[in-house]
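Below are the chains, spelled out letter by letter.
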Amino acid sequence: MASRERHDLLRGLTVVACAWALAAPAVAAERMAALALPAQPLNHALAELGRQARVDILVSSAVVGDRRAAPLRGRLTPSEALERLLAGTGLEYEAVETGVYVVRARRGAPPQAELGPTALPELLVVGVRTQNVDQRRDPDDIQPYRVFERSTLRAAQALSADDFLQTWLTSNGDSRQSIPRPGRGIPPSRSNFAFRDSNAQEKTLVLVDGRRMPAIPNYNRLAQADVGPIPLSAIGRIETLASSSGALYGLGAVNGVVNLVLDRDYRGAEIAVTSGASTGGGGGYGRFDARLGYSTDDGGTAVMVRYGQKRFNGVAIGDRSEAYAPLDGSSLKVGQSYSRSPGNGITLFGVNGPFVVGGVSMSQTYIPADYDGSTPIETVLIRNAGKAAPGLAPAHSARPLSNDSRTDAVLINLRQRLWRGAEAYLDYIYLASLDIYPTATGAFFTTLTPGQGTASMLSGSSPIELVAPVPLVRGTQSARMISRRFTGGLVFDLPARWRGGVDYAVGSVRANQVIDDMGFEALAWSTVASGVAPADGRPVPNPFGDQARFLADLARYKAPWAGSDPYASSRLEDISLRASGPIARIGDRDLTLSLTAQQLWEAMPTFPPNRANHLSSRTRSVFAELRAPLEGVLGVRGLELQAAARRQVGRILISEGSPATPIEKSAGLFLIGAKAEPAPGLVLRASYAQGAQLPEPYRLASTVSLTTSGVIDPKRDPRLPVYMEGWFPIVWGAPADLRPDQTRTYSAGAVLASPLIPRTRLSIDYTRIEGHDLMVTVNRSVDLYILNEDLYPGAVVRAPLTDADRAKGYTGGRIIQVRDLNENTGSSLMQSVDMVAEHDLDLAGGRLGLSAALTWQPTLMNYIPPASSAYKRAPYGAPPKWRGAVGARWSTRRFAASATVRYVDTDFAAALPETTTVDLSLAWELPRPPGASETELRLGVRNLFDRWSEDDPLKRRLEATLIARF
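Residues numbered from 1 in each chain as written. Predicted model: local features only at pLDDT ≥ 70, side-chain atom pairs only at ≥ 80, totals over all residues. Heavy atoms only, no water.

**Quick word on the overall build of the chain**
The condition that has to hold: What counts as a helix is a DSSP run of H or I of at least four residues, what counts as a strand is a run of E of at least two, and both are numbered from the N terminus. When a residue's accessible area, from a 1.4 Å probe over protein chains only, is under 20% of the maximum for its type it is buried; when over 50% it is exposed; and in between it is partly exposed. For this analysis, residues touch if any pair of their heavy atoms sits within 4.5 Å. Areas reported here follow the Shrake-Rupley algorithm with a probe of radius 1.4 Å; residue values treat only the protein chains shown as occluding.
The helix and strand inventory of the chain stands at 15 helices and 48 strands. Here the chain, with 966 residues, has 54% of them falling under the buried criterion. Taking as baseline every contact in the chain between residues at least 6 positions apart, the subset at least 24 positions apart corresponds to 69%. A total of about 39900 Å² of accessible surface is found on the chain, and carbon and sulfur atoms cover 58% of it.

In structure tokens, the structure reads:
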């Protein structure tokens, strides 16, 4: 097996080597853009060109000086526009990467005093070229990327990238605010990316600089990586694609991908301090960010170190009167766990109808917390008929709506130029989180039978639900997680203007969870209901007597609840070889090819309940992406084709207490797309892409146990139930032929950026994601398989039919096994329309930027086979159909003001209310203190109108940030 792995990897590397040898001379391909620039200072023109062409133009103001630029209009590539703007200025440009240009003094030109020293050393060029291993993606690309640049991220009032995308990425399926809270994940402060579907974390791939981060160990599965501790100020660019993208990014990118491109290029030092507080009490938070950058004069060596810390104080349910209300039994079902906190007293309600107390019929009543037994209980119950216990039970006041949290991030980057055209880099990411919170979940409840036990004074035919003002489980929990990733790499020039790179990354996650919870013994329910004392002599808690005594007696039935394994870890190893460059010339443009060979290994050395359990997944892939500008060949204006293919093979090993055999799964993934510009400023685009997800290792584990059945076997004696013929094994788990999930994405859209409407961009894109052959854990009953054997071939295994059986008229042998195995029988359908609009204009001596994003998602449906207990996510739990965000930002050289409005439609299925929140912010440059080159103050208000929801329990909050640069 190891020999085959080496053979496959060598074969992939050979493909890359052959592509290098076939490369032909050419220059990098560029995309045209509709440009409209007025006459203005050259530095403003270059900044405007970068915005309209959506490229990075790196230049020092000292280099540009007071030069001016003539007007520029038309449909041009960035290079053509730069040629015209820089003509006669004594400056030149260089394209250092697709979408990145450096402007500097022309080489060989005589020095000019007015230019001053060049403040853009090779450091910046090196940084942009080596960090993000994925191609630079563009919102005007063939696929509908949403890209958020550094300037937008810096201006945002957001705690993290997750928090930022909750507002502006309307295709994000999770509408909850990104605050630390139990139930959000392990740890509660973790990031949460889920495109189109709030339950699709495992279908959304998260990358940092185009590389995978180590996954979170969660029982027997590897969950989505956590990047929540990364400071938003450390991110230079966020690229997102809310559709299947497995051909580009590999297995796991089923619903989409998020790529956080870190900002590695900085000289000097910067410190930023943020303090925020909720006006409703609780929920205070703070951030501290610092970075230090150094490079040699020639830029050959560069080092940057960054540290970020976030602290968050939780909000308890006692801090928010909106979070609790009197318990309404009419909306509850018997035996359910109560998500809302009960009132301060015992509430009783009839499950199927009214009950009778002292001749009075009622459907609901309560016993107050201060009842001491001095008044007849019947009198109290009749007086409170039709009501629920008011207020909030004190035992639930500390129940967290959000929890205390602290995250730390350390980012270290070292880059070294080895020789001309070759650079090496070392990169280290350390992310840590600590969450501490009290637990007070559910409520103690039991079912009473009228006229029996403690309910002897009650009568009626309906069972009575009793809800006590104490949590079902109470205690404290803490979760600490540390993620690390170390990457070393080399990028280098190749012949024929190709560029190559090799990198090796190792990472790990260590999670430690401490649970100190107390719950109730099973005996508590029956004792309270029956009124019969247990054999150990403990008293019977009497709910109809003195309430203080009842709670004290009930507390004697508490016992520690077993928690999960406190320690878990995961490992990551990723080695990649990449190359890209032109392979042919079509007219005056290039046909470019990108190639990657990769081996990825992820593992959990152990998982509960047995320390000998372990799992691992090793995948090998070869990837190619082709970009072909065909405008000059087919005569279609702006025509460009994109094609990508990936072959990925996975080897999965899972052992649950005993040796296991590795299982190999594979997938071939493809992408093809095109765009054209039929009219100036109007781009039409369409693409077809595939995605795939390997079976999670826990789905491949098999379990065998003995069982039997009480039904009559239709193929055997009609007088004898199955158990009369003995026990037989039932097998749960995965068959050998279980296939990866498969998805298909169809996308079509239009981008309008006409010169007739300068500084305006509008995009509308339709996306349809179809899932087929989806893995389903069915969990059907043994009885169902036996009674419907013909509908499920192979599920019931029988002994051979004997002559004696035939003589009795039997049509099948004795049952010797039932197989309840996972299936590839699920399917899904998602449809959405995403709209993005942007417009800039000069106003009152500054610039006003307007932006809007809207997602309409009318369809999210998951189909599973009938007679299955698999969880149906839709229509229940589907995301809202409408989500939108509108923003405005007016800025001058020293001042900026912005407003953001976020809208989330009602989701009746998930009981989420319609919400509209408004955020405001101001920023201005302060006088420079001694030793600082720049000081900035930012003030903001989030949730201006103090809207309450359980998704945002912080309510209105004020925030201040002070930034000093040295």
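**So, the pattern of salt bridges**
Filter applied, for reference: Any Lys or Arg side-chain nitrogen located within 4 Å of an Asp or Glu carboxyl oxygen qualifies as a salt bridge.
Counted under the stated rule, the structure contains 48 salt bridges. For arginine 237, the salt bridge identified is with glutamate 239, shortest N-O distance 2.8 Å. Via salt bridges that share partners, Arg150, Arg154, Asp263, Glu270, Arg291, Glu934, Glu936, Arg938 and Arg965 belong to a single interconnected network.

**Topic: the environment of alanine 522**
For alanine 522, the location among the structural elements is in helix 10 (residues 522–530). Distance from alanine 522 to lysine 558, taken between C-alpha atoms, is 9.6 Å for residues 36 residues apart in sequence.

**Examining the nonpolar core**
For soluble globular proteins, nonpolar side chains are generally found buried alongside one another. In plain terms, the rule: The definition of a nonpolar core used throughout is a set of buried Ala, Val, Leu, Ile, Met, Phe, Trp, Tyr and Cys residues joined through side-chain atoms within 4.5 Å.
Ranked by size, the top nonpolar core spans 29 residues in total, and within it Phe148, Phe164, Leu165, Val227, Ile230, Ile235 and Ile238 carry the most contacts. The set of elements that each furnish at least two residues to this core consists of helix 7 (161–168), strand 9 (204–208), strand 13 (235–241), strand 14 (256–262), strand 22 (404–419) and strand 23 (422–441). If you tally residues by element for this core, the top one is helix 7, at four residues. In contact with leucine 165, not counting residues within four places along its chain, are Phe148, Asn172, Phe193, Ile238, Thr240 and Val258.

**Notes on the environment of alanine 689**
Position of alanine 689 relative to the elements: it lies in strand 35 (residues 682–693). Sequence-wise, alanine 689 and leucine 669 are 20 residues apart; in three dimensions their C-alpha atoms are separated by 7.9 Å. The contacts of alanine 689, once residues within four sequence positions are left out, are Gln143, Ser244, Phe670, Leu671, Thr743, Arg744 and Thr745.

**Side note on the sheet that holds strand 20 (residues 360–362)**
The criterion, for reference: Here, any two strands with at least 2 DSSP bridges between them count as paired.
Across the sheet, which stays open at both edges, the three strands sit in the order 20-19-25 with antiparallel pairing between neighbours. With partners counted over all chains shown, the strands left at the sheet margins are strand 20 and strand 25 (458–459), one partner each. In this sheet, strand 25 lies alongside strand 19 (residues 355–357) in antiparallel orientation, the contact comprising two bridges. Within the sheet, the bridge partner assigned to valine 356 lies in strand 25 and is serine 459.

**So, the packing of helix 2 (residues 42–53) against helix 4 (residues 78–86)**
How we decide: Note on definitions: angles span 0 to 180 degrees between N-to-C directions of axes, and those axes are lines fitted to C-alpha atoms, for helices only across the stretch in contact. The cut-offs work like this: below 35 degrees is roughly parallel, past 145 is roughly antiparallel, 65 to 115 is roughly perpendicular, and the gaps in between are oblique. Basically, the charged four are Asp, Glu, Lys and Arg, the nonpolar ten are Ala, Val, Leu, Ile, Met, Phe, Trp, Tyr, Cys and Pro, and anything else, Gly included, counts as polar.
Two elements in contact, helix 2 and helix 4, have axes whose closest approach is 11 Å; the angle formed by their N-to-C orientations is 170°. Regarding the angle of helix 2 to helix 4, the classification is roughly antiparallel. Taken together, the residues of helix 4 that come into contact with helix 2 (itself represented by Leu42, Ala45, Leu46, Leu49 and Ala53) are Pro78, Ala81, Leu82, Leu85 and Leu86. Per-class residue counts for the contact of helix 2 with helix 4 are ten nonpolar, no polar and no charged.

**Details of the pairing of strand 35**
Summarising the sheet, strand 34 (residues 663–679) and strand 35 pair through seven bridges and their orientation is antiparallel. Counterpart to glycine 673 in the pairing with strand 35 is serine 687. The hairpin turn running from strand 34 into strand 35, its antiparallel successor, is two residues long, and glycine 681 in that turn takes a positive phi close to 85°. The pairing of strand 35 with strand 38 (residues 741–752) spans twelve bridges and is antiparallel. The residue bridging valine 683 from the neighbouring strand is valine 751, located in strand 38.

**Section: the packing of aromatic side chains**
The line we're drawing: Within 6.5 Å between ring centres, the rings of Phe, Tyr and Trp (the latter by its six-membered ring) count as paired, and their orientation is classed by plane angle as stacked under 30 degrees, edge-to-face over 60, tilted in between.
Under the definition given, this model contains eleven aromatic pairs. Judged by centre distance (6.4 Å) and plane angle (50°), the ring pair of phenylalanine 288 and tyrosine 307 falls under tilted. Residue phenylalanine 288 is located in strand 16 (residues 285–295), and its partner tyrosine 307 is located in strand 17 (residues 301–312); the two are separated by 19 residues in the primary sequence. Take phenylalanine 288: its relative accessible area is 33%, and that puts it in the partly exposed class.

**Description of the side chain of glutamine 857**
Applicable threshold: Polar contacts, as used here, are pairs of N or O atoms within 3.5 Å; protein pairs need one atom able to donate a hydrogen and one able to accept it. Residues neighboring in sequence count only if both atoms are side-chain atoms.
Assignment of secondary structure puts glutamine 857 in strand 43 (residues 846–863). A residue is classified by how much of its surface remains accessible, and glutamine 857, at 3% relative accessible area, is buried. Here the side chain of glutamine 857 touches arginine 196 through a polar contact of 2.7 Å, landing on its backbone oxygen.

**What about the confidence of the model for the chain?**
The predicted coordinates should not be examined in detail at positions where pLDDT is low. Put simply, the rule is: Each residue carries a pLDDT score, the predictor's own confidence in it, on a scale running from 0 to 100.
Across the chain, the average pLDDT comes to 84, with 88% of residues at 70 or higher. Note that residues 1–28 has pLDDT below 50 and, in this model, 40 contacts with residues that lie over four places away or in other chains. Per-residue pLDDT stays below 50 along residues 109–130; that stretch engages in 50 contacts with residues further than four places along the chain or on separate chains.

**Details of the pairing of strand 47 (residues 934–942)**
One ladder, built from seven bridges, connects strand 46 (residues 915–926) with strand 47; its direction is antiparallel. When the sheet's bridge partners are listed, alanine 923 is paired in strand 47 with arginine 938. Where strand 47 lies against strand 48 (residues 957–965), nine bridges are found, and the strand directions are antiparallel. Each residue of the ladder has a partner; that of leucine 939, found in strand 48, is alanine 960.

**Quick notes on unusual backbone geometry**
Positive phi, close to 60°, is recorded for alanine 496, a residue that is not glycine. Tracing the backbone shows alanine 496 in the loop between strand 27 (473–494) and strand 28 (498–520). We classify alanine 496 as partly exposed; its relative accessible area is 22%. We note that aspartate 773 has phi near 55°; this positive angle belongs to a residue other than glycine. Structurally, aspartate 773 is set in strand 39 (residues 760–776). The class of aspartate 773 is partly exposed, set by a relative accessible area of 30%.

**Regarding a nonpolar patch on the surface**
Applied cut-off: Within this analysis, patches are made of residues with over 30% relative accessible area and no salt bridge. Like charges are joined at 9 Å or less; nonpolar side chains (Val, Leu, Ile, Met, Phe, Trp, Tyr) at 5 Å or less.
Judged by side-chain polarity, Tyr294, Val303, Val305, Ile412, Leu414, Leu426 and Phe486 come together as a nonpolar surface patch covering roughly 560 Å² of accessible area. Mapped onto the nonpolar patch, the elements with two or more residues apiece are strand 17 and strand 22. Locating isoleucine 412 in the fold gives a position in strand 22.

**Description of helix 4**
Basically, it comes down to this: The directions considered for the arc are those from the helix axis to the C-beta atoms.
Pro78, Ser79, Ala81, Leu82, Leu85 and Leu86 are the residues of helix 4 that are buried. The buried residues of helix 4 occupy an angular sector of 160° when projected down its axis, which confines them to one face. A positive phi of about 80° marks glycine 88, the residue just after helix 4.

**Some thoughts on the sheet that holds strand 18 (residues 345–350)**
Spatially, four strands are ordered 21-18-26-24 in an open sheet, and the strand pairing comes out antiparallel. Where the open sheet ends on each side, the last strands, each with one partner, are strand 21 (364–368) and strand 24 (445–448). Adjacent strand axes in the sheet meet at a mean angle of 20°, parallel and antiparallel pairs treated alike. Two strands pair when backbone bridges link them, and strand 24 and strand 26 (residues 464–467) are joined in this way by four bridges, in the antiparallel orientation. Within strand 26, the residue paired with leucine 448 across the bridge is isoleucine 464.

**Considerations on the environment of leucine 554**
Within the secondary structure, leucine 554 sits in helix 11 (residues 547–555). Apart from residues no more than four positions distant in its own chain, leucine 554 is found in contact with Phe444, Val470, Phe520, Val528 and Pro541.

**Concerning helix 2**
Using the following cut-off: How far a helix is expected to stretch is found by multiplying one less than its residue total by 1.5 Å.
Under the 1.5 Å per step criterion, the end-to-end length of helix 2 is 16 Å for twelve residues, consistent within 8% with the ideal 16 Å. Listed in full, the buried residues belonging to helix 2 are Leu42, Ala45, Leu46, Glu48, Leu49, Gly50, Gln52 and Ala53. A positive backbone phi angle near 55° is found at arginine 54, which sits one or two residues after helix 2.

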